[in-house]
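For reference, the chains in residue letters:
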Amino acid sequence: GIMLLILSIASTIWHGSNAPNSHYIDLWSMDCVIIFLPIRIVCLGFGCFLIQVLGANAITTKYALGWMCAGIYACVIFFHGRFYYRMRENRWLHGDCPFSTRARLSNRSDLFGKGHIPVSIAACCIFAALPIFVLALTLTVHYTLVGSAGSILALNACELSFVFGWCYRLLERWCFDGCIPMGFACRQSPSSMRTVGAALLSPTAVLHFATGITVLMAYIHARSVEQCAF
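Residues numbered from 1 in each chain as written. Predicted model: local features only at pLDDT ≥ 70, side-chain atom pairs only at ≥ 80, totals over all residues. Heavy atoms only, no water.

## Regarding the environment of Val134
Relative to the elements of secondary structure, Val134 occurs in helix H6 (residues 130-146). Owing to a relative accessible area of 33%, Val134 belongs among the partly exposed residues under this scheme. For the pair formed by Val134 and Val53, sequence separation is 81 residues and the distance between their alpha carbons is 25 Å. (Helix = DSSP H or I, 4+ residues; strand = E, 2+ residues; numbered from the N terminus. Buried < 20%, exposed > 50% of the residue type's maximum accessible area, 1.4 Å probe, protein only.)

So, in structure tokens, the structure goes:
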């Protein structure tokens, strides 16, 4: 909850003002929010393994797993924070992001001082298929260890919003601002409607809105799976 609050504040500041220092906090908190659910899913699967295979006490296991999940997550927060703090010390994000996919596609990237490294087709495919990998991890744990997929409605809403936002964002990432809906809005005569239309159709804005729904549905779904497990 604290990381979500930090993310909402830092993301608003960054996207509203492009203040460089806020960008590091935005990325740090965003990464921590994203990685929490995979940690929770793996811990849940491990707990079910202890109970079902090794015959551990359910109440004791649930209590221990809570602390284990919290401990792992605290370490992730700390080490991620240290990583982005060092990036800030080197001013990596005070200008254009030198290691972004956009920079790598346009042959002007600098991957942490290693110079330009072209992006491969394999990397593009893996990046584009990220929603599939996330779903595969989730369902593998649920069906093999938990024995339940939890709320199907929450799972479907989570995946649909994630896939939609991710695919729409790829229009901008892979096509150099080639998003057709936003391009149409930007070509209109200067007006408040054009500004609002371009903002609402921006791939970055759509991704943030969609992933907001994704995170909410993911937490609801995770809770429904835990109720089935314990």
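## Here we look at the nonpolar core
Most often, soluble globular proteins have nonpolar side chains that are buried together. Counting 22 residues, the largest nonpolar core has Met3, Ile39, Tyr73, Met87 and Leu93 as its most contacted members. Every element with two or more residues in this core is listed here: helix H1 (2-17), helix H2 (20-52), helix H3 (58-89) and helix H10 (203-229). It is H2 that provides the largest number of residues to this core, a total of nine residues. (Core = buried A, V, L, I, M, F, W, Y, C linked by side-chain atoms within 4.5 Å.)

## Let's talk about the environment of Ser29
Here Ser29 shows up in helix H2. Look at Ser29 and you get buried, because its relative accessible area is 0%. Remark: the alpha-carbon pair of Ser29 and Ile2, spanning 27 residues in sequence, is separated by 9.4 Å. Residue contacts for Ser29: discarding those within four places in its chain leaves Met3, Ile6 and Leu7. Here Ile25 takes part through its backbone oxygen, which lies 2.8 Å from a polar atom of the side chain of Ser29. Polar side-chain contacts of Ser29 include one of 3.1 Å to the backbone oxygen of Asp26. (Contact = heavy atoms within 4.5 Å. Polar contact = N/O pair within 3.5 Å; in protein donor to acceptor, adjacent residues only side chain to side chain.)

## Examining the confidence of the model for the chain
Averaged over every residue, the pLDDT of the chain is 81; the share at 70 or more is 94%. Summarising per-element confidence for the chain, the mean pLDDT is lowest in helix H4 (residues 101-105) (71) and highest in H3 (87). (pLDDT = per-residue confidence, 0-100.)

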